[in-house]
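This is what each chain is made of:
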Amino acid sequence: MQAGAPAQDSPDKLVVSSPPSSAQTAQRIGVPREVFPGEKRVATVPEVVEKLVKLGFSVAVESGAGDAANCSDDTYRAAGATVVDSAAALWSGSDIVFKVRPPSADEVALMREGQVLIGFIWPAQNPDLMQQLAAKKVTVLAIDALPRMLSRAQKMDALTSQAGVAGYRAVIEAANAFGRFFNGQITAAGKVPPAKVFIAGAGVAGLAAIGTAASLGAIVRANDTRAEVADQVVSLGGEFVKVDYEEEGSGGGGYAKVMSEGFQQAQRAMYAKQAREVDIIITTALIPGKPAPKLITAEMVQSMKPGSVIVDMAAEQGGNCELTEPGHAVVKHGVTIVGYTDLVSRLAKQSSTLYATNLFRLTEELCKTKDGVVDVNMQDDAIRGLTVIKNGEVTWPPPAPKLPAAPAAAAKPAATAPAAKKGHGHGGGDSEPMAGSKLAIMLGVAAALFWLIGANAPKEFMSHFTVFVLACFVGYMVVWNVKPALHTPLMSVTNAISSIIAIGALVQISPIAGAVDRPDSLITWVAAAGIVLTAINMFGGFAVTRRMLAMFRK
C-alpha cells in the first residue's frame, strides 16, 4: 500500500498511516540499492527480512541491492521479500525506507509526503539535506543521532556496530601493507621481532583494533584523552600510554572533547616519541560535527622507520594525519599511509548483517504491537533522539534525554556524636587506650592468680599450663596478623593440625606397652569414634585449605 497524509494523534506522538478513507493495513519497508560511490553495504539482509515479516511488515528490495554484500535477489525472495526492478518503483511504493548512507538529491526527489526514512543522516554536517527532507514533509529517523548514553538503546546503536567492524578492518589493512609478521617468531632462519602497533583513540573502533592487533601477536600501545578507558585497553592486551598532562577528555556520548592547547602540546610530544618507536600507527580520533583533529604531523611521518604503516580511520572527515589522502593508500617518506574511507564496506556482509540487526531492533521499538505499522512515539527518549524530522518539521537537536535519577543520599543521623574509631585488629570494640589505673589493676590480679597457681599446683601441671599460655599467645598473634580473606584456609588447616588428638585416642585403644590396666569397652568405643571424627577433620581440613589457597593463585 501507499501511505497517505500522516495522522498525528498528539503533539508527542506520530502514527504513519493510510488515508482515513481506507482501513489501516501493514506498511511496506523498502530497501534501495546504495548509490554512494564505493558503498557495498545494504540496509537489511535476508535473515532480518524474515524477522521483519513476522512483525507484520511487507518488505521490498531493489534488484541488486545486496549483490556487493553477497545477498542475492533469490535469497531475498526466499526470505519473503519482493524484489523491485527500479529505484523509482521502490521509493514510490514504500511507506518506510531503510538506507545506509544519507539520501542523494535524486533520491530525495523520489520521496513523497508521509514517508519514514531510517538511516545515517548526520544532521549537523548536512543542513541542506535536512531542509530538503523537511520540504518533502517526511519523517526522518537518523540512526547516528541515537542517545547512546541510554543503556536500552545499545541494541540499536549502529555507530558502535559499524565502528567495531572498521577497527577490525583497519588492522587487516595494516597487516596487508606491513612487510613483516605481527607476532614474534624464532625459526631456524632467525628471530623475527613482533610488530609494535600504536593506536590513537580507544573508542569502539580503537578497542576493536587493539583486540585484533593483540590477537595477531603484536605489541600494542594505545592512548586516549579519556583516562577511564585505560582499564579497557589493558584488558584487551594493550598498554595504555598516558599523556604527561592532567585534563579530563570525555565529551559525552562516547566521544572525546576538544582539549586545551597545553594538553595538545604534551600529546604531540608523546605521539612523536611513539612514531619513532612503533611500526604501525592506527588513528581513530573524531569529534562530532567537526573536522578530524590532526594528530600525526609530516615531521612525525618522516621520523618513522622505513616500511612503517599509518592507517587513518578518520580520513573521511579530513584525517588525523597531515599527509593522508582520503580514499587512497600512498607512500610518503617510506611510510605507507592508508586513507581508505570505505573500511566498513570492505567487510560488506558482516557490516550489513550488524546494521540490519540494529534497524530491526529499532523497528521492534517502533512496532511494539507487531501489526506492521510504525508508531513514532516522541515521548520515548530513544525515539525522540533519533527523530530529526517529524512530519516535515525539523526536531533536531533533541532535548537532553531523561536519565535515571541518582539515588538519594542517605539521611545523616541526627546525633552529631563522632563515630567510633575502628580498632587496629579484627575486634569491633573501642580502640581508645586503656586507662593506666585499670591496666595496673588487671595486671596485678593476673600476677596474683598466676602466683597462687604456681604455689599450689603440681609440677606436671605447671609445665602443661606454660605450654597452654604460650600456645594461646602465639595463636592470637598469628590470627591477628593474617588478612581476613585468609581466615578460612587458616582455620581449616588449624583444624587439620589439631587432629593430633587422635594420638590420645589411639593410646586408649592400644595402651602403651607395659601398662597394667586396659580401658573398659566404653572408653574403647568412644576412642574409636574419636579417631573416626578426627580423621574426617584432618583430611577435610587439608582438602579445604588446598582449595581455598588455589583461589589466590594466578
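Everything in this summary refers to the structure shown in the same document. (Residues numbered from 1 in each chain as written. Predicted model: local features only at pLDDT ≥ 70, side-chain atom pairs only at ≥ 80, totals over all residues. Heavy atoms only, no water.)

Re the pairing of strand β4 (residues 58-62)
Put simply, side chains in a regular strand alternate between the two faces of the sheet.
Link 1 in the chain: Burial runs high along β4: 4 of the 5 residues are buried.
Link 2 in the chain: In this sheet, β4 lies alongside strand β3 (residues 28-31) in parallel orientation, the contact comprising 4 bridges. Across the sheet, residue Val31 finds its bridge partner in β4, namely Val61.
Link 3 in the chain: Once you follow β3 into helix α1 (residues 46-54) and on to β4, the crossover reads as right-handed.
Link 4 in the chain: Alignment of β4 against strand β5 (residues 82-84), held across 3 bridges, turns out to be parallel. (Buried < 20%, exposed > 50% of the residue type's maximum accessible area, 1.4 Å probe, protein only. Helix = DSSP H or I, 4+ residues; strand = E, 2+ residues; numbered from the N terminus. Pairing = 2+ DSSP bridges. Right-handed = clockwise from strand over helix to strand, strands pointing away.)

Observations concerning the pairing of β3
Link 1 in the chain: Summarising the sheet, β3 and strand β6 (residues 96-98) pair through 2 bridges and their orientation is parallel. The residue of β6 that forms the bridge with Gly30 is Val97.

A short note on the packing of aromatic side chains
The geometry of an aromatic ring pair comes down to the distance between the two centres and the angle between the two planes.
Link 1 in the chain: Per the stated rule, a full pass over the model turns up 5 aromatic pairs.
Link 2 in the chain: With a centroid separation of 5.8 Å and 10° between ring planes, the pair formed by Phe120 and Trp122 is classed as stacked.
Link 3 in the chain: Overall, Phe120 belongs to the buried group, its relative accessible area being 7%.
Link 4 in the chain: Among the residues examined, Trp122 registers a relative accessible area of 30% and is labelled partly exposed.
Link 5 in the chain: Look at Phe120 and Tyr355: their rings are 5.5 Å apart centre to centre, the planes differ by 15°, and that puts the pair in the stacked class. With a gap of 235 residues between them, Phe120 in the loop between β7 (116-119) and α5 (127-135) and Tyr355 in helix α11 (residues 348-366) connect regions that are remote in the sequence. Per residue, the accessibility class of Phe120 equals that of Tyr355, and both read buried.
Link 6 in the chain: By the ring-pair criterion, three or more aromatic residues cluster together here, those being Phe120, Trp122 and Tyr355.
Link 7 in the chain: Lying over the aromatic face of Tyr340, Arg346 brings its terminal NZ or CZ to 3.8 Å of the ring centre. (Phe/Tyr/Trp six-rings, centres within 6.5 Å; stacked < 30°, edge-to-face > 60°. Lys NZ or Arg CZ within 6 Å of the ring centre and 35° of its normal.)

Describing the nonpolar core
Link 1 in the chain: Counting 47 residues, the largest nonpolar core has Phe98, Ile118 and Leu362 as its most contacted members.
Link 2 in the chain: The dominant element in this core, judged by the number of residues it contributes, is α11, at 7 residues.
Link 3 in the chain: The residues contacting Phe98, other than those within four sequence positions of it, are Ile29, Gly30, Val31, Pro32, Ala43, Leu52, Ile118, Leu359 and Thr363.
Link 4 in the chain: Listed in part, the 33 residues of the second largest apolar core include Val165, Phe182, Val233 and Phe240. (Core = buried A, V, L, I, M, F, W, Y, C linked by side-chain atoms within 4.5 Å. Contact = heavy atoms within 4.5 Å.)

Description of the sheet that holds strand β11 (residues 196-200)
Link 1 in the chain: Taken together, the 7 strands give an open sheet; going across it, the order is β13-β12-β11-β16-β17-β19-β18, and neighbouring strands pair in mixed fashion. At either end of the open sheet lies a strand with only one pairing partner, and these are β13 (239-240) and β18 (329-332).
Link 2 in the chain: Two strands pair when backbone bridges link them, and strand β12 (residues 219-223) and β13 are joined in this way by 2 bridges, in the parallel orientation. For Ala222, the partnering residue across the bridge sits in β13 and is Phe240.
Link 3 in the chain: Taken strand by strand, helix α6 (residues 158-177) contacts β16 (280-283), β17 (309-312) and β19 (335-338), and its axis lies near 155° from that of β17. (Axes fitted to C-alpha atoms, helices over the stretch in contact; angles between N-to-C directions.)

Description of the environment of Glu365
Link 1 in the chain: Mapped onto the secondary structure, Glu365 falls in helix α11.
Link 2 in the chain: Sequence-wise, Glu365 and Ala382 are 17 residues apart; in three dimensions their C-alpha atoms are separated by 9.3 Å.
Link 3 in the chain: When residues no more than four places from it in sequence are discounted, the contact partners of Glu365 are Arg152, Lys155, Met156, Asp380 and Ile383.

Side note on the side chain of Gln162
Link 1 in the chain: Assignment of secondary structure puts Gln162 in helix α6.
Link 2 in the chain: Once residues lying within four places of it in the same chain are set aside, the contact partners of Gln162 are Arg41, Phe120, Val344, Ser351, Leu354 and Tyr355.

Focus: the pattern of salt bridges
Link 1 in the chain: By the definition in use, this model includes 24 salt bridges.
Link 2 in the chain: Arg77 is paired through a salt bridge with Asp74; the nearest N and O atoms lie 3.0 Å apart. Linking Arg77 with Asp74, this pair stays in helix α2 (residues 73-79), spanning 3 residues, or about one helical turn.
Link 3 in the chain: Here Glu277 and Arg221 are joined by a salt bridge, their closest N and O atoms 2.7 Å apart. Taken together, the residues span a long stretch of sequence, with Glu277 in helix α9 (residues 261-277) and Arg221 in strand β12 at a distance of 56 residues.
Link 4 in the chain: On the accessibility criterion, Glu277 (27% relative accessible area) is partly exposed.
Link 5 in the chain: Beyond isolated ion pairs, a larger network of salt bridges with shared partners links Arg152, Lys155, Glu365, Lys368 and Asp380. (Salt bridge = Lys/Arg side-chain N within 4 Å of Asp/Glu carboxyl O.)

Examining a nonpolar patch on the surface
Link 1 in the chain: Together, Phe473, Val474, Tyr476 and Met477 line one region of the surface with nonpolar side chains, adding up to about 410 Å² of accessible area.
Link 2 in the chain: Tracing the chain through its elements places Tyr476 in helix α14 (residues 459-480).
Link 3 in the chain: Taking relative accessible area as the criterion, Tyr476 reaches 46% and is therefore assigned partly exposed. (Patch = residues over 30% accessible without salt bridge, like charges linked within 9 Å, V, L, I, M, F, W, Y side chains within 5 Å. Areas by Shrake-Rupley, 256 points an atom, 1.4 Å probe, with all protein chains shown as cover.)

Without other data, these values stay purely geometric and don't point to any function.
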